[in-house]
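The primary structure of each chain is shown beneath.
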Amino acid sequence: MHPVSAVPLAGRLPSLVILVALGVTLAIIGWRGWQGRLAADGRLGVRTPRTLRSAETFRLANRVAGLPNMVGGAAAMVGGVAAFVMPDVLGTVLCTVIGLVGAVLIARAGGLAGDRAAAALPVPKPAGCGGCACGNCATAG
């Protein structure tokens, strides 16, 4: 039986490729963050003013966000594969949308949790005079 609204391969393949690529990317970023292997001076990871206060806050935030990013990546990949195997247009579209929205929302929740974790750490105090000649340092005299 061939459904009237069957999706040709050219209509299913982009969903598979886009969602699997997104999923693999999120999973790698999540894994590297969870392992503490993301660089604060790079472009990846949870990057907010609170997480960038110090290397410690950046590591903590990305460690907290790591597992949700990996789960979001898995959701995207499952959505892409499900969209690819669906026999009709409605199933393909629903799986694509659910996979994409699910991945984004899960990764976003991880980022928010990471930011909150970074906010819980105390603000690092500057170590002595920064050499700005402002006259406010305890060593100025």
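Structural data are supplied above this passage.
Residues numbered from 1 in each chain as written. Predicted model: local features only at pLDDT ≥ 70, side-chain atom pairs only at ≥ 80, totals over all residues. Heavy atoms only, no water.

Asks: What should I look at first to understand the overall build of the protein in this one?
Replies: Along the backbone of the protein there are 3 helices and 0 strands. Element order for the protein, N to C, with α for helix and β for strand: α-α-α. Summarising the internal contacts of the protein: among those between residues at least 6 apart in sequence, 72% fall at separations of at least 24. Accessible surface, the protein as shown: approximately 8700 Å² in total, 70% of it carbon and sulfur. (Helix = DSSP H or I, 4+ residues; strand = E, 2+ residues; numbered from the N terminus. Contact = heavy atoms within 4.5 Å. Areas by Shrake-Rupley, 256 points an atom, 1.4 Å probe, with all protein chains shown as cover.)

Asks: Teacher, can you tell me more about the packing of aromatic side chains here?
Replies: Aromatic ring pairs are reported here in terms of the distance separating the ring centres and the angle at which the planes meet. Enumeration according to the criterion identifies 1 aromatic pair in this entry. For the pair Trp31 and Trp34, a centre-to-centre distance of 5.5 Å together with 55 degrees between the ring planes defines the contact as tilted. On the criterion of helical spacing, the pair formed by Trp31 and Trp34 is a turn pair, its members being 3 residues apart in helix H1 (residues 9-34). Given the relative accessible area of 39%, Trp31 is considered partly exposed. For Trp34, a relative accessible area of 34% corresponds to the partly exposed category. (Phe/Tyr/Trp six-rings, centres within 6.5 Å; stacked < 30°, edge-to-face > 60°. Buried < 20%, exposed > 50% of the residue type's maximum accessible area, 1.4 Å probe, protein only.)

Asks: Where do I start with the nonpolar core in this structure?
Replies: Looking at soluble globular proteins, one finds that nonpolar side chains tend to be buried together. Of all hydrophobic cores here, the largest spans 5 residues; its members are Leu19, Leu26, Ala76, Ala103 and Ala107. Secondary-structure elements contributing two or more residues to this core are H1 and helix H3 (89-120). The contacts of Leu19, once residues within four sequence positions are left out, are Ala76, Met77, Gly79, Gly80, Cys95, Thr96, Gly99 and Leu100. (Core = buried A, V, L, I, M, F, W, Y, C linked by side-chain atoms within 4.5 Å.)

Asks: Explain the environment of Ala120 here, please?
Replies: Within the secondary structure layout, Ala120 lies in helix H3. Ala120 sits in the exposed class, given a relative accessible area of 65%. Each C-alpha atom, one on Ala120 and one on Arg50, is 9.4 Å from the other, the two residues being 70 residues apart in sequence.

Asks: Explain the side chain of Asn62 here, please?
Replies: Tracing the sequence through the fold places Asn62 in helix H2 (residues 55-85). In this structure Asn62 comes out as buried when scored by relative accessible area, which is 4%. A polar side-chain atom of Asn62 sits 2.9 Å from the main-chain carbonyl oxygen of Phe58. Ignoring sequence-local partners within four residues, the contact set of Asn62 consists of Gly33, Trp34, Leu38, Gly45 and Val46. (Polar contact = N/O pair within 3.5 Å; in protein donor to acceptor, adjacent residues only side chain to side chain.)

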